[in-house]
Amino acid sequence: MAYFIDVILPIPLDKEFTYSINKNEASFLKPGMRVAVQFGKSKVYAALVTKTHQTPPQVYEAKEIEHILDETPIVTTNQLELWSWISKYYMCSKGEVMRAALPSAFLLESETIILRNDKELVDENLLKDDEFLLHEALQHQSLLRIQEVMDIVGKKSVLPLIKRLIEKQVITVQEEIYEQYKPKLVRYVRLQSEYTSEVGLQSLLDSLTRAPKQRDVLMHLFMLQAKSEKAIMVSELIKAANSNAGVIKTLIDKNILEEYHKQTDRVQYEGSSFTVTKELNTYQEQALKEIKEHLVEKDVCLFHGVTSSGKTEVYVKLIEEQVQKGKQVLYLLPEIALTTQLITRLQEYFGEKLSVYHSKYSVNERVEAWNNVKDSKSKAQIVIGARSSIFLPFINLGLIIIDEEHESSFKQYDPAPRYHARDTAVVLANMFKAKVVLGSATPALESYYNAEQGKYGLVELTRRYGNVLMPDINLVDLKTKYKRKEMTGHFSDTLLLAIQNALKEEEQVILFQNRRGYSPVVECNTCGHSPQCPNCDVSLTYHNYRNQLRCHYCGYHIAMLQKCMACDSHELSTKGFGTEQIENELKELFPDHTIGRMDQDTTRGKHGYEKIITKFEEGGINILVGTQMLTKGLDFRNVTLVGIMNADNLLNFPDFRAHERSFQLMLQVAGRAGRTSKRGKVLIQTYNPFHQILQQVSINDYTGMYKDQIEERYQYKYPPFYRIIKITGRHKDYNKVNEATLWLAKSLAMTFKENVLGPEFPPISRIRNQYNKNILIKIPNGQSLNRTKEVIKRIENSFKSIKEFSGVRIIINVDNY
Ligand code: ADP
Ligand code: ZN
Ligand code: ZN
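Residues numbered from 1 in each chain as written. Chains lettered and ligands numbered in written order. Predicted model: local features only at pLDDT ≥ 70, side-chain atom pairs only at ≥ 80, totals over all residues. Heavy atoms only, no water.

Caption draft 1: Representation of the overall build of the chain. Regarding its fold elements, the chain presents 26 helices and 37 strands. At 30 Å, the chain has a C-alpha radius of gyration in line with the 28 Å of a compact globule built from 817 residues. Dimensions of the chain, computed from the C-alpha atoms along their principal axes, are close to 100 × 70 × 65 Å. The 817 residues of the chain split such that 55% are buried. (Helix = DSSP H or I, 4+ residues; strand = E, 2+ residues; numbered from the N terminus. Rg over C-alpha atoms; globule rule 2.2 N^0.38 Å. Buried < 20%, exposed > 50% of the residue type's maximum accessible area, 1.4 Å probe, protein only.)

Caption draft 2: Main features of the sheet that holds strand 9 (residues 171-173). Judged by pairing direction, the sheet is antiparallel, and its 3 strands sit side by side in the order 8-7-9 without closing on themselves. Edge positions in the sheet fall to strand 8 (143-145) and strand 9, since each of these pairs with one other strand and no more. On average, each strand axis in the sheet is inclined to that of its neighbour by 35 degrees, with strand direction left out of account. In terms of strand pairing, strand 7 (residues 113-116) meets strand 9 through 3 bridges, oriented antiparallel. Considered in strand 9, the bridge of leucine 115 is made with threonine 172. Sheet contacts for helix 5 (residues 146-153): strand 7 and strand 8; angle to strand 8, the most-contacted strand, approximately 90 degrees. (Pairing = 2+ DSSP bridges. Axes fitted to C-alpha atoms, helices over the stretch in contact; angles between N-to-C directions. Contact = heavy atoms within 4.5 Å.)

Caption draft 3: How the structure looks around the domain arrangement of the chain. The domains assigned to the chain are domain 1 (3-106), domain 2 (110-177), domain 3 (193-255), domain 4 (282-466), domain 5 (472-518 + 577-711) and domain 6 (722-814). Distance between the C-alpha centres of domain 5 and domain 6: 38 Å. (Domains from an automatic or database assignment.)

Caption draft 4: Structural view of the coordination of the zinc ion (ligand 3). Each protein donor to the zinc ion (ligand 3) is listed here as Cys533 (SG), Cys536 (SG), Cys551 (SG) and Cys554 (SG); together their distances run 2.2 to 2.3 Å. Coordination at the zinc ion (ligand 3) comes from 4 donor atoms whose angles at the metal span 102 to 113 degrees, giving a geometry best classed as tetrahedral. The motif formed by the donor residues of the zinc ion (ligand 3), counted along the single chain, is C-x2-C-x14-C-x2-C. Assigned by exposure class, cysteine 533 and cysteine 536 land together as buried. (Donors = N, O, S within 2.8 Å, 3.2 Å for Na, K, Ca; no water. Tetrahedral: all angles 85-135°; square planar, octahedral: opposite > 155°, others 65-115°.)

Caption draft 5: Summary view of the environment of isoleucine 252. Here isoleucine 252 shows up in helix 10 (residues 245-253). Leave out the neighbours within four places in its chain, and isoleucine 252 touches Leu126, Arg187, Val189, Leu257 and Glu259.

Caption draft 6: Focus on the packing of helix 4 (residues 129-140) against helix 5. Following both chains from N to C, one finds helix 4 and helix 5 inclined at 125 degrees, their axes separated by 10 Å at the closest point. Our classification of the angle between helix 4 and helix 5 gives oblique. You can see that helix 4 and helix 5 cross each other, and the crossing is right-handed. Only Val149, Ile152 and Val153 of helix 5 make contact with helix 4, whose side of the interface consists of Asp130, Leu133, Leu134 and Ala137. (Parallel < 35°, antiparallel > 145°, perpendicular 65-115°, else oblique. Left-handed = near helix turned anticlockwise from the far one by under 90°.)

Caption draft 7: Geometry of the UniProt feature "binding site: Zn(2+) 1" (unreviewed entry) in the chain. Within this structure's numbering, the places UniProt gives as "binding site: Zn(2+) 1" (unreviewed entry) are Cys524, Cys527, Cys564 and Cys567. A maximum C-alpha distance of 8.6 Å among these annotated residues, which run over 44 residues, shows that they cluster at one spot. Its place among the elements puts cysteine 527 in the loop between strand 24 (521-524) and strand 25 (541-543). Those residues in contact with cysteine 527 that lie beyond four places of it in its chain are Cys564, Ala566 and Cys567. Considering the arrangement of structural elements, one finds cysteine 567 in the loop between strand 27 (557-559) and strand 28 (572-575). For cysteine 567, the contacting residues outside a window of four places in its chain are Cys524, Thr526 and Cys527. (UniProt positions renumbered as here; feature names shortened; annotations may be inferred.)

Caption draft 8: Representation of the coordination of the zinc ion (ligand 2). Coordination of the zinc ion (ligand 2) by the protein comes from Cys524 (SG), Cys527 (SG), Cys564 (SG) and Cys567 (SG), over a distance range of 2.3 to 2.4 Å. Sequence positions of the residues that donate to the zinc ion (ligand 2) give the spacing C-x2-C-x36-C-x2-C. Placement of cysteine 524 in strand 24 and of cysteine 564 in the loop between strand 27 and strand 28 is noted, with a sequence separation of 40 residues between them. By relative accessible area, cysteine 524 is classed as buried at 2%.

Caption draft 9: Examining the pattern of salt bridges more closely. Per the counting criterion, the structure on display carries 34 salt bridges. Taking the shortest distance from any N to any O, the salt bridge between glutamate 293 and lysine 289 comes out at 3.8 Å. Of this pair, glutamate 293 and lysine 289 both sit in helix 11 (residues 282-297), separated by 4 residues, roughly a single helical turn. You can call lysine 289 partly exposed: its relative accessible area is 46%. Ionic pairing is found between glutamate 660 and arginine 657, a salt bridge with its closest N-O pair at 4.0 Å. Judged by relative accessible area, which is 3%, glutamate 660 ranks as buried. Residues participating in the shared-partner salt-bridge network are Asp130, Glu131, Lys155, Arg164 and Lys168. (Salt bridge = Lys/Arg side-chain N within 4 Å of Asp/Glu carboxyl O.)

Caption draft 10: Fine view of the sheet that holds strand 4 (residues 43-53). What the 6 strands build is an open sheet, ordered 5-2-1-4-3-6; its pairing is mixed. Only two strands of the sheet have a single neighbouring strand rather than two, namely strand 5 (63-64) and strand 6 (67-68). Bridge count between strand 3 (residues 34-39) and strand 6: 2 bridges; the pairing is antiparallel. Directly across from alanine 36, in strand 6, lies its bridge partner histidine 67.

Caption draft 11: Main features of the packing of helix 2 (residues 77-89) against helix 15 (residues 421-431). Taken N-terminus to C-terminus, the directions of helix 2 and helix 15 make an angle of 145 degrees; their axes are 11 Å apart at the nearest point. In terms of crossing hand, the pair formed by helix 2 and helix 15 is right-handed. Residues Asn78, Glu81, Leu82, Trp85 and Ile86 of helix 2 lie in contact with helix 15, whose contacting residues are Thr424, Val427, Leu428 and Met431. In terms of residue class, the contact of helix 2 with helix 15 is built from 6 nonpolar, 2 polar and 1 charged. (Nonpolar A, V, L, I, M, F, W, Y, C, P; charged D, E, K, R; others polar.)

Caption draft 12: Highlighting the packing of aromatic side chains. All told, the structure shown has 26 aromatic pairs when counted by the stated rule. An angle of 70 degrees between the planes, with centres 4.9 Å apart, marks the rings of phenylalanine 17 and phenylalanine 39 as edge-to-face. In this pair, phenylalanine 17 is assigned in strand 2 (residues 17-21) and phenylalanine 39 in strand 3, connecting sequence segments 22 residues apart. Under the relative-accessibility criterion, phenylalanine 17 is labelled buried at 8%. With a centroid separation of 5.9 Å and 70 degrees between ring planes, the pair formed by phenylalanine 106 and tryptophan 370 is classed as edge-to-face. Highlighted residues: phenylalanine 106 in the loop between helix 3 (94-101) and strand 7 and tryptophan 370 in helix 14 (residues 363-374), separated in sequence by 264 residues. Grouping residues by exposure puts phenylalanine 106 and tryptophan 370 together as buried. (Phe/Tyr/Trp six-rings, centres within 6.5 Å; stacked < 30°, edge-to-face > 60°.)

Caption draft 13: Just helix 19 (residues 579-589), in detail. Considered for burial, the residues of helix 19 that qualify are Thr579, Glu580, Gln581, Ile582, Glu583, Glu585 and Leu586. Tucked inside the fold, the buried residues of helix 19 contact strand 21 (487-488), strand 22 (491-492), strand 23 (508-512), strand 25, strand 29 (595-598) and strand 30 (623-626).

Caption draft 14: Representation of unusual backbone geometry in the model. A cis geometry characterises the amide bond from aspartate 414 onward to proline 415, with omega recorded as -10 degrees. Among the structural elements, proline 415 can be located in the loop between strand 17 (397-403) and helix 15. In this structure, the amide linkage connecting glycine 758 to the following residue, proline 759, adopts the cis form with an omega of 10 degrees. By secondary structure assignment, the location of proline 759 is in strand 34 (residues 756-760). Positive phi is not limited to glycine here, since lysine 485 has a value of about 55 degrees. Tracing the backbone through its elements, the reader meets lysine 485 in the loop between helix 17 (478-483) and strand 21.

Here it is as structure tokens:
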């Protein structure tokens, strides 16, 4: 009898692959375990088993697997099902989903780069021969690739060795964004089994009469063991016997002691006292009751509560209820809203039941959270995390909360899988018959539409907590202000006066500007030339502090020019302004106050963001200037004034969501003002004070905005009435992209007719020397989504067989929100 497994490889190929195994392996292997396999001529991967069976593959001969890497599944069958759904729905391979889903320490493969783990001291005597070889090689070389490891140890199958060394903390794997894997392993010792009997023990002690130190260690080991049943840590033994690592090592070498490791958890909550959760006010109480009622019948409830209405406290009650039932809870937030502010607040209520799953956390922390969730440990009963936490191996999920559900960062743009975490979460919840609460002060049109249609429950909370008034929002007409010469730099007299008043009262101010840097365009006064990025179709942004011109798309930078590149004129001026310029102006205008800036340039590093927030919270900053980053979920007590420096560049963005997005963004920033007793003030500077969206923002008219926008969406055939699939062609050759996308659009139009739009270049068509051109396919409600995707796949396949288009990448983005 022949036995086979199907596996997922972490590659962008659409199908699963079959490998052959023996009978024993067949009875041992279960879906969700990893096996080391060879793929192609020389590649090795840790592949994930999806099923065992007895049908040989038809078109190729199945290779044997090299090794089994796991004793138990690391991925649940529910997860495999979710991966399948994602790969089908978002039109990508399961391997791509696997890559996004697994913490990188689980993803071993030929390309994995192995590094020495400098953070841990290695006891070389504890290494097996092959482990030692690799360890030694890493003393001379800073990194090794899998092929080199194979050469060093003289065999092909090295993934198990690498896995062992990772667990022993001798090596780590390189990661692009994350820190390195470092499970905290603790060393334990016990007596080898032959000495555990009384006779064996006596003769052992007799044989050691001339080695008093070793004898002493053994005596202490007995004593420790007698005192408690638990395992004995090496460190504990050394301390008790007043001995040292050398003696222990000798005993291990002599096969008297046996050494073993156990993993401890580093995701630990330090605090001990729990705070009881807050008592809700009547409005919150009512909202909570309604949410629960909706969730009896419906799977999803939209919770539309204005900023500072106390939504979080309502979530807390919902979480509490699940925790009492022993269910797991997932609390999803956009990356930038995941602040210590919120985490600390939740930790006070839930203590160590709360785990954080977030890219800023190290891999080891993420691996531990993963394992805790999979083992349904109480310390990971509540997980708070950004979009990738939908990939955790939940066992008995009861509730998913999606806070700031309107946020576009829930959608992954690049690379595949281009999934939307909110929509995927609804599917995930469904697998567990769990409920979903979507919360926002400015819901996505799609969500509100779903609620209106009765698909989701809808609960509204229109009052701020503590009867604090909604901020007073006013528009400032820049055209008039400039005409009347009432501007100082980029500040209208109205805004300046408001800042002065706030500062006088020792209150804090937030100023929002959507661009970073000093100024996005540098222009020659003589010939009009402005320096462009050589790799992208954008002008270079001037950064005053570093005296550089930088591209915000590819990172290209040069020193600020002394004279024009085209005509050598020295008369260069800047156009437009970013956060840095505002910061500089403020420093001149308010020399006696502290100005802070929060944007990508000032928040690099693991804690950059937190540092600024903390400083602001503690009053160390009077005026904080920033981009989007300061809009989300922050709760500052002392901010009474929020200024939006220029609303127009938000509104003029060429995207069918631009108006919805500007509305959301402005109301969210405005929501940072006046969260305590005093009514907050918001000033929005604009050249278009009569713009409908600005009018709606100024009176906090979500419903008005919704009605207008949904009408437009209907008219112009956009979501939620039509689904959208965006297809992008990408290549470094302009003409090739043109021809390729034209061919695609024509082929698609044969089936989808007028519902194919484009091809069209996006506003920035070249990024990193690659041209992009887009085609939109609009899918009306009645049209089968699956059939549509099949057609697209078919056309993509024919496309790939056309020689002249070889090398053109096709990127498919489903629900391009
Ligand atoms: P939202 O999430 O709706 O913006 P928050 O949950 O952050 O609002 O609440 C705003 C502020 O009001 C927070 O400082 C919070 O601690 C406080 N708050 C909300 N509900 C209560 C309550 N029931 N009792 C005491 N304080 C509350
Ligand atoms: Zn010039
Ligand atoms: Zn560039």
